[in-house]
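# Results of the structural survey
In case you want the letters, here they are:
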Amino acid sequence: MKSSEIQPMPQFFDRYINLVEDIDLFDGFSKLTPEHVFGQTEKLAALGDRVYAEGKWTVKDILQHVIDNERIMSYRALRFSRNDKTQLPGYDEAVLAANTIAGHRTVADLMEEWNELRRSTITLFKNMDRTMLTRVGNANQTEITALALGFVILGHPVHHMNVIRDRYFPLL
């Protein structure tokens, strides 16, 4: 299924979904791999702990955030695809980011974790049919389908890589 088939288009999350061209979800998983999106690992590693402004995350913090977010979105997709109507809460990304060891890890290690997670994410979505993908759930007071969550998983890292290109790479 394609992103143009998402109904309803969820507010807030649309900013990530719209960063992905209107292609089949699995074509998106094939095209927007962690290496494709964050493939400039030498430049990412060279940034070290630099930030473009006080209080901003390092590149390693951003990578950890992307990983955490994919886990959370996959969990939501699992629940909604299985017709669980429980309203799920949002999450505080600042709290999660403040409680990791990303600063002690390497970019290569974070990328390895993300690749392993992505394989699991793809397996989860491969085992959803059209009915499951279009089931609507509620997360953070927003109605959203499992399909939309799949496209959030694809677009969210694109958003962060755009920020890295615009604000972090000039620091090199």
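Cut-off values and rules
Residues numbered from 1 in each chain as written. Predicted model: local features only at pLDDT ≥ 70, side-chain atom pairs only at ≥ 80, totals over all residues. Heavy atoms only, no water. Core = buried A, V, L, I, M, F, W, Y, C linked by side-chain atoms within 4.5 Å. Buried < 20%, exposed > 50% of the residue type's maximum accessible area, 1.4 Å probe, protein only. Helix = DSSP H or I, 4+ residues; strand = E, 2+ residues; numbered from the N terminus. Contact = heavy atoms within 4.5 Å. 1 Å grid on protein atoms, 1.4 Å probe; cavity = no way out; pocket = protein on both sides within 12 Å on 5 of 7 lines; lining within 4 Å. Points joined across faces, edges and corners; volume = space filled by probe spheres on them. Nonpolar A, V, L, I, M, F, W, Y, C, P; charged D, E, K, R; others polar. Phe/Tyr/Trp six-rings, centres within 6.5 Å; stacked < 30°, edge-to-face > 60°. Expected span 1.5 Å × (residues − 1).

Of all hydrophobic cores here, the largest spans 50 residues; its most connected members are Phe38, Phe125 and Ile164. Those elements giving two or more residues to this core turn out to be helix 1 (14-17), helix 2 (25-31), helix 4 (41-47), helix 5 (59-81), helix 7 (107-126), helix 8 (130-133) and helix 9 (146-168). Sequence-distant contacts of Phe38, that is, excluding residues within four places in its chain, are made with Leu44, Ile62, Leu63, Val66, Met111, Trp114, Pro157, His160, Met161 and Ile164.

Counted as a void, the largest pocket has a volume near 310 Å³. Lining the largest pocket are 15 residues, with Lys56, Trp57, Glu93, His159 and His160 sitting closest to its centre. Residue assignment for the lining of the largest pocket shows that the elements contributing at least two residues are helix 1, helix 5 and helix 9. When residues in the lining of the largest pocket are grouped by element, the largest group, five residues, is from helix 9. In terms of residue class, the lining of the largest pocket is built from seven nonpolar, four polar and four charged. Counted as a void, the second largest pocket has a volume near 190 Å³. Around the second largest pocket sit 13 residues that line it, and Phe12, Phe13, Asn69, Tyr91 and Glu93 are the ones nearest its centre.

Mapped onto the elements of the fold, Ser74 is located in helix 5. Sequence-distant contacts of Ser74, that is, excluding residues within four places in its chain, are made with Thr121, Leu124 and Ile153.

Attention now moves to the packing of aromatic side chains. One pass over the full model with this rule turns up six aromatic pairs. Centroid distance Phe38 to Trp114: 5.3 Å. Interplanar angle 85°. Geometry classified as edge-to-face. Note that Phe38 is positioned in the loop between helix 3 (34-37) and helix 4 and Trp114 in helix 7, a separation of 76 residues in sequence. Under the relative-accessibility criterion, Phe38 is labelled buried at 0%.

Here we take up helix 9. With 23 residues, helix 9 extends 32 Å from end C-alpha to end C-alpha; this agrees with the ideal 33 Å at 1.5 Å per step. Of all 23 residues in helix 9, 18 are buried; the element is thus mostly enclosed.

The next subject is the environment of Arg76. As for its position among the elements, Arg76 is in helix 5. When its relative accessible area of 4% is taken as the criterion, Arg76 is described as buried. Linking Arg76 and Ile144, residues 68 residues apart in sequence, is a C-alpha distance of 9.4 Å. Other than its neighbours up to four places away in sequence, Arg76 contacts Phe13, Leu88, Pro89, Gly90, Tyr91, Ala139 and Leu149.

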